[in-house]
Amino acid sequence: MSDKLVSPPPLASSAGNGVTRAELLLSGNGAQALVDSVAAWSATRFGVRGCALWAVESGRLRLLARHGEMDLGAAEALARAAQSGDLEPVDAHGMAWALNADRRLLGVLSVAVAGAPGAEFKAQMADAARLLAQRLPAALELERLHRAVAQLAEAERLQRALYAIADLASAERDMGDVLAAIHGIVAGLMYAENFYIALYDRAGDSLRFAYFRDVADDDVPDPERDYPMVGQQGSLTAHIIATGQTLMGPSERLTQSIGFDSDGFGPQSADWLGVPLLRGAEAMGAVVVQSYDETRRYSDKERALLTFVAQHIATALERKRAHADLERRVEQRTDDLREANRALLVQVDERERAERLQAALFRITELGSTGGGIEQFYAAVHGVVGELLVARNFYIALLSDDGVTLSFPYSVDEFDAARAPRRLGRGLTEYVLRTGTTLLADRARIDELRAGDIVLSVGALAASWLGVPLICDERTVGVLAVQSYDASHRYSVRDQEILTFVSYHIANALQRKRAAESLRLANTELEQRVVERTEALFETNRVLREQIAERERAESRLRHAAMHDALTGLPNRAHLLGRLSEALDRYSRHPERRFAVLFLDLDRFKVVNDSVGHLIGDELLKEAGARIAQRAEGRGLVARLGGDEFAILLEPIAAAQDATEIAAAIIAALDEPIRAGGKDLYSSTSIGIAIAQPHYSTGEELLRDADVALYRAKAKGRRRYEMFDEALRREALRQLELEGNLRRALARNEFEPVFQPIIALADGKVVGYETLLRWRHPLQGLVAPGEFLEQAEESGLAEAIDWQVYESAFAQAHDLLDEQAYIGINVGAKHLRLPMFVDDLTRQLQRYELDPRRLRIEVTERALLEEPEQVHRVMTELGQLGVRIALDDFGTGYSSLSYLHRFPLHILKIDRSFVAPIGTVAPGNAPTVLRAIHALGASLGLEIVAEGIETPAQLHALREIGCEFGQGFLLARPAPAAVLRRTP
């Protein structure tokens, strides 16, 4: 052994005069303290460079402590010489002494000196060795205790980990969460950054990676997918499950050891450790950790630890599986009980139906005998019939005494609001009167009767119709009818039997009621005459009271109109702001009386308005307002602010959850279709919520913050609610500040172009430059467009920034371009929709004397989707000027082939996403798609440019398929024109 031992410098106290050797030797409690003390003392007096302390256990040497600098091989040889009794020095610079206590050899002290040891050195060191031997047993015992404490701590840590795994097995948590928690526990015991658990299904002979975390493997397996074991043959994981044996070592060596040339399942690791999950003697899966760092390797300690932990993981997973099986059995038993209960409910329903029918007959008999008007009697009869069958559309038709006309004293219908008396015709009602029999007809039967010229339909067409005759004294005097306009509900023979049975009792009750009604009418007529005589005395007072009441009503209407929305009848903005001021005043005096403001509008309302018209849009707003008011009823004030915007004041609230519950209920209510203008319209809502805080002073501030939260809800996908918080406030301020900076930067001409060369791949010649946008910020330096372009587009500044960059690029073009090169600019969709874009561009080219044939315009697929006719017209005009047009980022959007022949395109730019996978471990289908796009463009006579070339492998592949031009960091990075002019 040739390692050099280097310890800290000697103790400061060792250099002091008057300190005895015994004091030095007894100053520490452990082996390291002892050897440090001897080394410090001897270094000062005898020039000792280093020393080592060895324990003798069962005749073998074990290094306890070391100090200073010395050759380990020489130190060990010295120790062996002293152990054998030979005290002669091994070389001219080292000596050793045996440490004996109670006639027993405890250890050896070996030292290295700068020169040849003298007699005084030997005597003094022998004396020190004797003192050291007296202290060594205590030092050895202390070392043993330290090791015991360390082992106990490690055992306790392992025990806590096992308890945690057991708790996870019994917790009601998702399996993915359980496995993630197990990963965290294992990572606390050993290096486990790359960790996965694979479970084996013996019945399906498949493998499922229930949990997988790997920093180097991008091909993450789907935890819900079963992978057949046939496809896993040759993997280390499959070998562990098949043999039930643990594997440890570099993955490449392990793969070769099991008889395969290479693993082929993920990247090779510097060290790999996998243990089986055992159910008895059968492997149910495997737990694997691996390291890609050469400095992090696994030892037998980690192997034993992971094996031990795997046993408990297997037990935990088995308990989870048993729990899932138990839940399935409980669910099956519940389904069986539910089915038995359903049959019992059918029997109970039959009995209840009979009881309801009996009770209905008693009630009809009672109605015929009680007082009240005939209208009340008809309505009560309708209610009784509605309890027995579906009777939303119900009417009673009575034949006149002369048998010529048919009247409808009672009618409730979804479509025919009123049924006027009519002469007998050939409707379904008259058919029942003529035949004196019940008619049960569905749509097909009705159409059959109409086709046979037996009946003529009157009123709205029903999907199902049931009519029974009312027979008094063996004469048909009327018809009792129900009908359904909903094809999902049809009347049955059982409904016919019930209604026929009920009709007999209704007819008898009707006859008694009509007699009572005649008597009531006579009395009413008499009373009316008395009233008419009396009214003359009070007419003057009545007129006066009416005038006063009318004036009060007018004033009330004016106050209501001033504070309410005319369309929905809801309070308006002024009313809401007044109530908000009152709520803020109460909140300032009583902070516990918190309140919230909800700001919402209807998603896609403009689409509804533009497609079906404003009248139907108004109906939609009325119904939406009614639903919102219904959900917030009793909880606060609902107001319409204008357009499709509504606001709700909720007060008081106990917590923010009160507001979110109301918001969720409103969102659910507006998810239901709204019937307007005979159409089912759908319009969801997004909601922003602001909670009252002490810093609010006006209602407008609350509405403003709720509006900001509303826009975040829309940005996150609509049909949701968002709570206003400080993060939103900071984001709003940040966007406002960014917009201001952009406007100032535009005014100061801080936007400038950089140019990326486009290279001919065959000879490396520059054929053109693509102009790219940069912002030269006075503090942040050159800023890429990804950090500000979205805000520029939202604030409407993007087009002005483009023109600033275009002008700068055109101004530098003559110094940058040679005779053949061209310059390319990126043009957005808004530019192409402007009729004056071509004229403005032409003026700029003429201003800087730039030939249009040396200009290329790059557009994206998105620009072609918006107003394609206008875009085609602009592109045609540009082509007539000689400007060549390139389709940028082809392959990332719809990639419709119609673009390539419909629009006048000259260049096709292949997106970098198809170039990047080339040369990687798993390129997928990218090379195939790349060749297909190149072949398509070449066959159409388009010039092909590949973007994002960053590796030699990508460049080689593009040259092989015949791609002519390309750009990317490998070829040239974007740079200002001045830098490119200096570059050869």
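Residues numbered from 1 in each chain as written. Predicted model: local features only at pLDDT ≥ 70, side-chain atom pairs only at ≥ 80, totals over all residues. Heavy atoms only, no water.

Enquirer: How do you make sense of the overall build of the chain when you look at a structure like this?
Expert: A tally of helices and strands in the chain yields 28 helices and 32 strands. Out of the 984 residues in the chain, the part that is buried amounts to 43%. For the chain, the proportion of contacts with a sequence separation of at least 24, taken over those separated by at least 6, is 63%. Total accessible area on the chain is roughly 51800 Å²; 52% of this is exposed by carbon and sulfur atoms. (Helix = DSSP H or I, 4+ residues; strand = E, 2+ residues; numbered from the N terminus. Buried < 20%, exposed > 50% of the residue type's maximum accessible area, 1.4 Å probe, protein only. Contact = heavy atoms within 4.5 Å. Areas by Shrake-Rupley, 256 points an atom, 1.4 Å probe, with all protein chains shown as cover.)

Enquirer: What is the right way to look at the sheet that holds strand 14 (residues 439-442) in this model?
Expert: Strands belonging to one sheet form pairs held by backbone hydrogen bonds; the direction of such a pair is parallel or antiparallel. If you walk across this open sheet you meet the 6 strands as 13-12-11-16-15-14, and the pairing is antiparallel. Strands with a single pairing partner mark the edges of an open sheet, and in this sheet they are strand 13 (422-423) and strand 14. Two elements, strand 11 (residues 393-399) and strand 12 (residues 405-412), share 5 bridges in a ladder whose sense is antiparallel. Bridge pairing in strand 12 places Leu398 opposite Ser407. Relative to strand 12, helix 9 (residues 374-388) is tilted by about 65°, and along the sheet it contacts strand 11 and strand 12. Taken strand by strand, helix 11 (residues 443-451) contacts strand 14 and strand 15 (464-472), and its axis lies near 105° from that of strand 14. (Pairing = 2+ DSSP bridges. Axes fitted to C-alpha atoms, helices over the stretch in contact; angles between N-to-C directions.)

Enquirer: Would you mind showing me how to read the packing of aromatic side chains here?
Expert: One pair of aromatic rings is described through two measures. These are the centre distance and the angle between the planes. For the structure shown, the criterion picks out 15 aromatic pairs. With 6.5 Å between their ring centres and 25° between their planes, Tyr806 and Phe810 make a pair best called stacked. Placement of both Tyr806 and Phe810 in helix 20 (residues 798-816) is noted, with a separation of 4 residues, approximately one turn of the helix. On the accessibility criterion, Tyr806 (3% relative accessible area) is buried. (Phe/Tyr/Trp six-rings, centres within 6.5 Å; stacked < 30°, edge-to-face > 60°.)

Enquirer: How should I be thinking about the layout of surface pockets in this particular structure?
Expert: The gaps left among the atoms become clear once a water-sized probe is rolled over them. Considered as a void within the structure, the largest pocket measures approximately 1100 Å³ in volume. As for the largest pocket, its lining consists of 39 residues, of which Leu789, Glu793, Asn826, Gly828 and Thr860 are closest to the centre. Those elements giving two or more residues to the lining of the largest pocket turn out to be strand 25 (766-777), helix 19 (789-794), helix 20, strand 27 (822-826), helix 21 (829-833), strand 28 (855-859), helix 23 (861-865) and strand 29 (884-890). When grouped by side-chain class, the residues that make up the lining of the largest pocket number 14 nonpolar, 8 polar and 17 charged. Looking at the second largest pocket, it is lined by 34 residues, and the ones nearest its centre are Met175, Leu199, Arg208, Ala210 and Arg321. Elements represented by at least two residues in the lining of the second largest pocket include exactly helix 5 (175-189), strand 5 (194-201), strand 6 (206-213), strand 10 (282-291) and helix 8 (300-369). For the lining of the second largest pocket, the leading source of residues is helix 8, giving 9 residues. Taken together, the residues of the lining of the second largest pocket break down into 16 nonpolar, 2 polar and 16 charged. (1 Å grid on protein atoms, 1.4 Å probe; cavity = no way out; pocket = protein on both sides within 12 Å on 5 of 7 lines; lining within 4 Å. Points joined across faces, edges and corners; volume = space filled by probe spheres on them. Nonpolar A, V, L, I, M, F, W, Y, C, P; charged D, E, K, R; others polar.)

Enquirer: Mind showing me how you'd approach a negative patch on the surface here?
Expert: On the surface, a cluster of negative charge is made up of Asp174, Asp177, Asp222 and Glu224. With respect to the helices and strands, Asp177 occurs in helix 5. Asp177 gets classed as partly exposed once you look at its relative accessible area, which sits at 41%. (Patch = residues over 30% accessible without salt bridge, like charges linked within 9 Å, V, L, I, M, F, W, Y side chains within 5 Å. Salt bridge = Lys/Arg side-chain N within 4 Å of Asp/Glu carboxyl O. Lys, Arg positive; Asp, Glu negative; His and termini not counted. Charge placed at Lys NZ, Arg CZ, Asp CG, Glu CD.)

Enquirer: Looking at this structure, how should I read helix 13 (residues 573-589)?
Expert: With 17 residues, helix 13 extends 24 Å from end C-alpha to end C-alpha; this agrees with the ideal 24 Å at 1.5 Å per step. With a side-chain oxygen lying 3.3 Å from the backbone nitrogen of Ala574, the N-terminal cap of helix 13 falls on Asn572. (Expected span 1.5 Å × (residues − 1). Polar contact = N/O pair within 3.5 Å; in protein donor to acceptor, adjacent residues only side chain to side chain.)

Enquirer: I'm lost on the pairing of strand 18 (residues 636-642) in this one. Help?
Expert: The two faces of the sheet receive side chains in turn, since in a regular strand these alternate between them. In terms of residue burial, strand 18 counts as a mostly covered element, since 5 of its 7 residues are buried. Taking the residues between adjacent antiparallel strands as the criterion, strand 18 and strand 19 (residues 645-653) are bridged by 2 residues, where Gly643 takes a positive phi near 60°.

Enquirer: Is there a simple way to explain empty space enclosed by the protein in this structure?
Expert: Considering all chains together, one arrives at 2 cavities of 30 Å³ or more under this definition. Taken as a whole, the largest cavity encloses approximately 180 Å³ of empty space. Along its surface, the largest cavity is lined by 16 residues, and Leu428, Val458, Ala460, Trp465 and Gln483 are the ones closest to its centre. Looking at the lining of the largest cavity, its residues break down into 9 nonpolar, 4 polar and 3 charged. The computed volume of the second largest cavity comes to approximately 50 Å³. For the second largest cavity, the full set of lining residues is Ile758, Tyr769, Glu770, Tyr822, Gly824, Arg856, Glu858, Ala886, Ile907, Lys909 and Val945. Residues that form the lining of the second largest cavity fall into these classes: 6 nonpolar, 1 polar and 4 charged.

Enquirer: Would you explain the packing of helix 13 against helix 17 (residues 699-715) in this entry?
Expert: A pair of packed helices is captured by two measures, namely the crossing angle of their axes and the spacing between those axes. Viewed as axis vectors pointing N to C, helix 13 and helix 17 meet at an angle of 110°, and their least axial separation amounts to 8 Å. Classified by the angle between their axes, helix 13 and helix 17 sit roughly perpendicular to one another. Of the residues in helix 17, those in contact with Arg573, Leu576, Leu577, Leu580 and Leu584 of helix 13 are Gly699, Glu700, Leu702 and Leu703. Per-class residue counts for the contact of helix 13 with helix 17 are 6 nonpolar, 1 polar and 2 charged. (Parallel < 35°, antiparallel > 145°, perpendicular 65-115°, else oblique.)

Enquirer: Mind showing me how you'd approach the environment of Gln32 here?
Expert: Along the polypeptide, Gln32 turns up in helix 2 (residues 31-46). Accessibility expressed as a relative area gives 34% for Gln32, which makes it partly exposed. Between the alpha carbons of Gln32 and His67 there is a distance of 8.1 Å; along the sequence they are 35 residues apart.

Enquirer: What should I look at first to understand the pattern of salt bridges in this one?
Expert: When charged atoms on two side chains of opposite charge get close, those side chains can pair. Scanning the model with the defined rule gives 37 salt bridges in all. Close ionic contact of Asp453 with Arg426 constitutes a salt bridge, the shortest N to O distance being 2.6 Å. Remark: Arg426 occurs in the loop between strand 13 and helix 10 (428-435) and Asp453 occurs in the loop between helix 11 and strand 15; sequence separation between them is 27 residues.

Enquirer: What am I meant to see in the sheet that holds strand 7 (residues 227-228) here?
Expert: Pairing within the open sheet is antiparallel, and its 6 strands lie in the order 7-6-5-10-9-8. The outermost strands of the open sheet, each flanked by one partner alone, are strand 7 and strand 8 (247-249). As judged from the 2 bridges shared by strand 6 and strand 7, these two strands associate in the antiparallel manner. When the bridges of strand 7 are listed, Leu207 appears paired with Tyr227.

Enquirer: Could you clarify how one ought to interpret the confidence of the model for the chain in this entry?
Expert: Predicted coordinates in regions of low pLDDT should not be interpreted in detail. Of all residues in the chain, 90% have pLDDT values of 70 or greater, and the mean over the chain is 80. Averaged over each element, pLDDT in the chain is lowest for helix 1 (residues 21-25) (43) and highest for strand 32 (residues 965-966) (93). The low-confidence segment residues 1-29 (pLDDT under 50) makes 56 contacts with residues lying over four places distant or belonging to another chain. (pLDDT = per-residue confidence, 0-100.)

Enquirer: Hey, could you run me through the side chain of Asp888 in this one?
Expert: Within the secondary structure layout, Asp888 lies in strand 29. No salt bridge is formed by the buried Asp888. Its closest oppositely charged neighbour is Lys909, at 4.6 Å. Every residue in contact with Asp888, bar those within four places of it in the chain, is listed here: Glu770, Asn826, Glu858, Val859, Thr860, Lys909 and Glu947.

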